[in-house]
Amino acid sequence: MTDQQSITIRPGGPDDAATVLRLLDGATAWLAARGRTGQWGTEPASTDPRRIAQADAWTSGGGLHLAMLGEHPVGALVVGDASDDVPPATEPELYVRLLVTDREHAGLGIGARLLEHAADLARSRELGLLRVDCYGGDDRALVRFYEGCGFTATDTFTVVRPGRDPWPGQLLVRRLG
């Protein structure tokens, strides 16, 4: 059995855009198969020009980290500045812009391991605050996941998306010691 100790994390870069899109496509399909379409919809990220551009920006921005199981990427983390949709931080922070894992390896602690890596990155930069936002709709299972990883839910917000339903967001914070 594989556990978090078997998962390594490496920096990502521009050559990893297809990997990020593959992970997003898999997670979107997994969510859609369970009727959970509010988070990322039903269409693959790899066919959406906006999501392709977003993946390109993430992979070229210096904040991408990939969870590896052997030579196989099984998760992606992007850290950087907060999006404009959330209330600004009142102190220096590191912000989790993306967390996605390969659903074929669910239960291995990949997401939790990537979030610990983000906390380590923040501490190495002498930052005491790690923030993340997530989909806050439906049964709030994703909010509970982050709370289980040491985050505290704070502000809710709504992203207005022309031509689509508004997206309910939840901001979470984790204080680092």
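Residues numbered from 1 in each chain as written. Predicted model: local features only at pLDDT ≥ 70, side-chain atom pairs only at ≥ 80, totals over all residues. Heavy atoms only, no water.

## A few points about the nonpolar core
Part 1: With 28 residues, the main nonpolar core has Val96, Leu130, Tyr146 and Phe151 as its most contacted residues.
Part 2: The element best represented in this core is helix H3 (residues 110–124), accounting for seven residues.
Part 3: Excluding residues that lie within four positions of it along the chain, tyrosine 146 makes contacts with Leu99, Leu115, Val132, Cys134, Phe151 and Leu172.
Part 4: One finds Ala55, Leu66, Met68 and Ala76 within the second-largest nonpolar core, a separate group that totals 15 residues. (Core = buried A, V, L, I, M, F, W, Y, C linked by side-chain atoms within 4.5 Å. Buried < 20%, exposed > 50% of the residue type's maximum accessible area, 1.4 Å probe, protein only. Helix = DSSP H or I, 4+ residues; strand = E, 2+ residues; numbered from the N terminus. Contact = heavy atoms within 4.5 Å.)

## A word on unusual backbone geometry
Part 1: With phi around 60 degrees, glutamate 126 is a residue other than glycine that occupies positive phi space.
Part 2: Here glutamate 126 is to be found in the loop between H3 and strand S5 (129–135).
Part 3: Residue aspartate 138 is not a glycine yet carries a positive backbone phi of 55 degrees.
Part 4: With respect to the secondary-structure elements, aspartate 138 resides in the loop between S5 and helix H4 (141–148).
Part 5: Taking relative accessible area as the criterion, aspartate 138 reaches 52% and is therefore assigned exposed.

## Quick word on the packing of helix H1 (residues 17–33) against helix H2 (residues 49–60)
Part 1: H2 packs onto H1 with a crossing angle of 130 degrees between their chain directions and a minimal axis gap of 9 Å. Considering their axes alone, H1 and H2 lie oblique with respect to each other. Here the hand of the crossing between H1 and H2 comes out right-handed. Of the residues in H2, those touching H1 at Ala17, Val20, Leu21 and Leu24 are Arg51, Ile52, Ala55, Asp56, Trp58 and Thr59.
Part 2: Counted by class, the contact of H1 with H2 contains seven nonpolar, one polar and two charged residues. (Axes fitted to C-alpha atoms, helices over the stretch in contact; angles between N-to-C directions. Parallel < 35°, antiparallel > 145°, perpendicular 65-115°, else oblique. Left-handed = near helix turned anticlockwise from the far one by under 90°. Nonpolar A, V, L, I, M, F, W, Y, C, P; charged D, E, K, R; others polar.)

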